[in-house]
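# An overview of the molecular structure
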Amino acid sequence: MLGNYKIPAKTFPIVAEAEVIVIGGGTAGLIAAIAAKRSGARTILVEREGFLGGALTGTYCTQPGFFGDSDENHIIKGIGWELMERLEQENAAIINRKNWKVQIFPETVKKVTLEMVVDAGVDLYLHTYLSDVLIENGLIKGIVVQSKSGRQVITGKTFVDATGDADVAFLAGAPVEQLDSDKLWQTSVDLKVCNVDPAKVIEWANENDDEILTDKIPEPKKDYSGISPMFEFIIMSDETELVGGGLGIKHKGPMPTVKLLIHPSLSRVQGSVEIDGTKVKDLTHAKIESRRRAYKHLEYLKEIVPGYEDAIVIGEAFLGVRETRRIVGDYKISIDDLLNNARFNDVVALNCRALDRHLKGEIFEIKFLKGNHDIPLRALIPQKIENLLVAGRCLSCDHESHASLRGAATCLATGHAAGTTAALAAKGNGKVRDIDIKTLQNLLKVQKVILNTSK
Ligand SMILES: Cc1cc2nc3c(=O)[nH]c(=O)nc-3n(C[C@H](O)[C@H](O)[C@H](O)COP(=O)(O)OP(=O)(O)OC[C@H]3O[C@@H](n4cnc5c(N)ncnc54)[C@H](O)[C@@H]3O)c2cc1C
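Note that this is a predicted model, so its numbers are computed, not measured.

### Some words on the overall build of the chain
When helices and strands are counted, the chain shows ten helices and 22 strands. Its C-alpha atoms give the chain a radius of gyration of 22 Å, within 12% of the compact-globule value 23 Å for 455 residues. Expressed as lengths along the three principal axes of its C-alpha atoms, the size of the chain is roughly 65 × 60 × 40 Å. Counting across all 455 residues of the chain, residues that qualify as buried make up 52%.

### Here's the deal with the environment of glutamate 309
Within the secondary structure layout, glutamate 309 lies in the loop between helix H6 (280-304) and strand E16 (312-316). Look at glutamate 309 and you get partly exposed, because 13 C-beta atoms sit within 10 Å. When the C-alpha positions of glutamate 309 and tyrosine 295 are compared, they lie 14 Å apart, and in sequence the two are 14 residues distant.

### Some details on the domain arrangement of the chain
The domain boundaries assigned to the chain delineate domain 1 (14-179 + 324-357 + 369-446) and domain 2 (187-316). Computed over C-alpha atoms only, the centres of domain 1 and domain 2 are separated by 29 Å. If you look at the interface, domain 1 gives twelve residues, while domain 2 gives twelve residues. Its residues placed into classes, the side of domain 1 that touches domain 2 shows four nonpolar, six polar and two charged.

### Points about the packing of helix H2 (residues 78-89) against helix H9 (residues 408-427)
At a closest axis distance of 7 Å, the pairing of H2 and H9 adopts a crossing angle of 130°. By the angle between their directions, the pair H2 and H9 is classed as oblique. Between H2, through Gly78, Ile79 and Gly80, and H9, the contact on the second element is made entirely by Ala409, Leu412, Ala413 and His416. For the contact of H2 with H9, the class distribution of residues is four nonpolar, three polar and no charged.

### As for the site of the ligand
Near the ligand there are 38 residues, and of these Gly24, Gly26, Gly54, Gly320 and Gly392 occur at the shortest range. At the level of secondary structure, the elements contributing two or more residues to the shell around the ligand comprise helix H1 (27-38), strand E6 (129-136), strand E10 (187-194) and H9. Counted by class, the shell around the ligand contains 14 nonpolar, 15 polar and nine charged residues.

### Some details on the pairing of strand E20 (residues 363-367)
Remember that side chains alternate between the two faces of the sheet whenever the strand is regular. Across five bridges, the pairing between strand E19 (residues 355-359) and E20 is antiparallel. Considered in E20, the bridge of aspartate 356 is made with isoleucine 366.

### Observations concerning the environment of glycine 121
Inspection of the secondary structure puts glycine 121 in the loop between helix H3 (106-120) and strand E5 (123-125). Looking at glycine 121, the number of C-beta atoms within 10 Å reads 13, which means it is partly exposed. Remark: the alpha-carbon pair of glycine 121 and isoleucine 79, spanning 42 residues in sequence, is separated by 15 Å.

### Focus: the sheet that holds strand E15 (residues 267-273)
If you trace the six strands from one edge of the open sheet to the other, you get E11-E12-E14-E15-E10-E16, paired in antiparallel fashion. One side of each edge strand has no neighbouring strand; the edge strands of this open sheet are strand E11 (212-214) and E16. Sheet twist, expressed as the mean angle between neighbouring strand axes with direction ignored, is 30°. Inspection of the sheet shows strand E12 (residues 228-235) paired to strand E14 (residues 257-262) by five bridges, in the antiparallel sense.

### Here's the deal with unusual backbone geometry
One non-glycine residue, tyrosine 60, lies in the positive phi region at around 70°. Looking at where tyrosine 60 falls in the secondary structure, it is placed in the loop between strand E2 (43-46) and H2. The phi torsion at lysine 448 lies on the positive side, around 70°, for a residue other than glycine. Mapped onto the elements of the fold, lysine 448 is located in the segment after helix H10 (437-446).

### Here we look at the nonpolar core
Counting residues in hydrophobic clusters, the biggest one holds 138 residues, and the most contacted among them are Ala32, Val160 and Ala169. Of all the elements, H9 adds the most residues to this core, at twelve residues. Of the residues that make up this core, three or more belong to each of domain 1 (14-179 + 324-357 + 369-446) and domain 2 (187-316). In contact with alanine 32, other than residues within four places in its own chain, are Val22, Val160, Ala162, Ala391, Gly415, Ala418 and Gly419.

### Here we look at the environment of tyrosine 60
The exposure class assigned to tyrosine 60 is buried, which follows from the 27 C-beta atoms found within 10 Å. Residues tyrosine 60 and arginine 97, spaced 37 residues apart in sequence, show a C-alpha to C-alpha distance of 23 Å. For tyrosine 60, the residues in contact, after removing those within four places along its chain, are Pro106, Asp190, Lys192, Arg268 and Ala317.

### Let's talk about the confidence of the model for the chain
Averaged over all residues, the pLDDT of the chain is 92; the fraction at 70 or higher stands at 95%. When pLDDT is averaged over each helix and strand of the chain, the minimum, 58, is found for strand E13 (residues 253-254) and the maximum, 99, for E2.

### Considerations on the pairing of strand E4 (residues 101-104)
With four bridges connecting them, strand E3 (residues 93-96) and E4 associate as antiparallel partners. When the sheet's bridge partners are listed, isoleucine 95 is paired in E4 with valine 102. Here E3 folds back onto E4, and the loop between the two strands holds four residues, one of which, tryptophan 100, carries a positive phi near 60°.

The rules behind these values
Residues numbered from 1 in each chain as written. Predicted model: local features only at pLDDT ≥ 70, side-chain atom pairs only at ≥ 80, totals over all residues. Helix = DSSP H or I, 4+ residues; strand = E, 2+ residues; numbered from the N terminus. Rg over C-alpha atoms; globule rule 2.2 N^0.38 Å. Buried ≥ 20, exposed ≤ 12 C-beta atoms within 10 Å, placed from the backbone. Domains from an automatic or database assignment. Contact = placed C-beta atoms within 7 Å. Nonpolar A, V, L, I, M, F, W, Y, C, P; charged D, E, K, R; others polar. Axes fitted to C-alpha atoms, helices over the stretch in contact; angles between N-to-C directions. Parallel < 35°, antiparallel > 145°, perpendicular 65-115°, else oblique. Near = placed C-beta within 6 Å. Pairing = 2+ DSSP bridges. Core = buried A, V, L, I, M, F, W, Y, C linked by C-beta atoms within 7 Å. pLDDT = per-residue confidence, 0-100.

Structure, rendered in structure tokens:
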């Protein structure tokens, strides 16, 4: 700190007003905005980027599963599932309707989500950054946004914080939690790489299957146009060890892994680093260091995996931050809730995603869960604020359960729940604790949200 500079009070124009204001048009926020508007509330969506989808599109997330649990129950439907089916119609998703796992082509997600938000009639502000919150006696009156148009105010009745970092809750003075940077799930940059020869990679994998860790090596195909199921494997090293349990790839060990969406124009190459995603110098360092690691990873693949020789980087995902601030809500979900399939009277969504742990030093661990558990509305309500909900990865939970709850499909589900809740609250006095939970749950069921899987 070099001291303080006192900025004289200024007056900013109120440029828009709505019943529900959603801040952050990422995975959870875009769904929250659609849900709020379809539930009858005039809705504004504010997003700092020039596209929607956040980590679902911007970081090149290719596997937004788990939409189904270990018993093959479909647990996440509603608007998030509608998005998956829209992508399938565009040949940009592969849906397995037995285990409800989905693979997506992230660039098409940007196109489809924008169409869905516009078609729903949401009033959209892209390239608009939330910079402050106007709060009086525990009630948020409006937000201050910064854009090329300058500083402006948007007022509303009920607010949804879908910024991933709980920016609204934090600026409103609600209690938040955050671990030290070396304990947070690490941050990644994914290179978008094209010109990898899938046939050669598969042939090499078959010849070296004792040196790689994978689920199943796909059959070679003559034609790789369109998208085929993702082929993901880990190149074993002395430090790689198996972690037991569940289906899919299980490893504890350093990268590199190969993530090949079988399409000559898309392979993901990741570099990761541990930082505090709420500190701008850390974010800057992460961009430099994780990009460097991703390029090093690619060099390694070019050297040892035939098919990668002519790989070309065609783009870089935005910095993928997995964990920062989480709200302290009226209820805090714990790892025991996940392991014991916890049930709550105020259930608004279900979750079953594996514990996906990205640890310090590019170590990756995955542990699969049995069954599913409830997400209570109280975990989406920050303490001390009357008219605010959160959706997505900044919900109220402990660090261990966050490894599961931040999964993209689960963020789609909490987005739907928060949007519909906000619309109901805004039809009343705006306060989220005053809504009738049964009315909300009935409305969510009408909107095809699954709230229990008992037969
Ligand atoms: C590299 C990476 C890979 C991943 N891969 C997978 C995967 O394969 N499968 C899986 O299930 N999960 C995956 N995840 C996790 C999952 O994608 C995310 O946890 C989830 O998408 C987060 O959703 P969200 O809505 O909370 O946040 P986001 O999707 O990040 O949305 C937050 C939005 O808020 C906007 N925003 C933030 N601050 C402001 C502000 N002040 N003003 C205005 N707008 C703001 C952002 O631009 C963004 O659009 C991955 C995560 C990362 C980082």
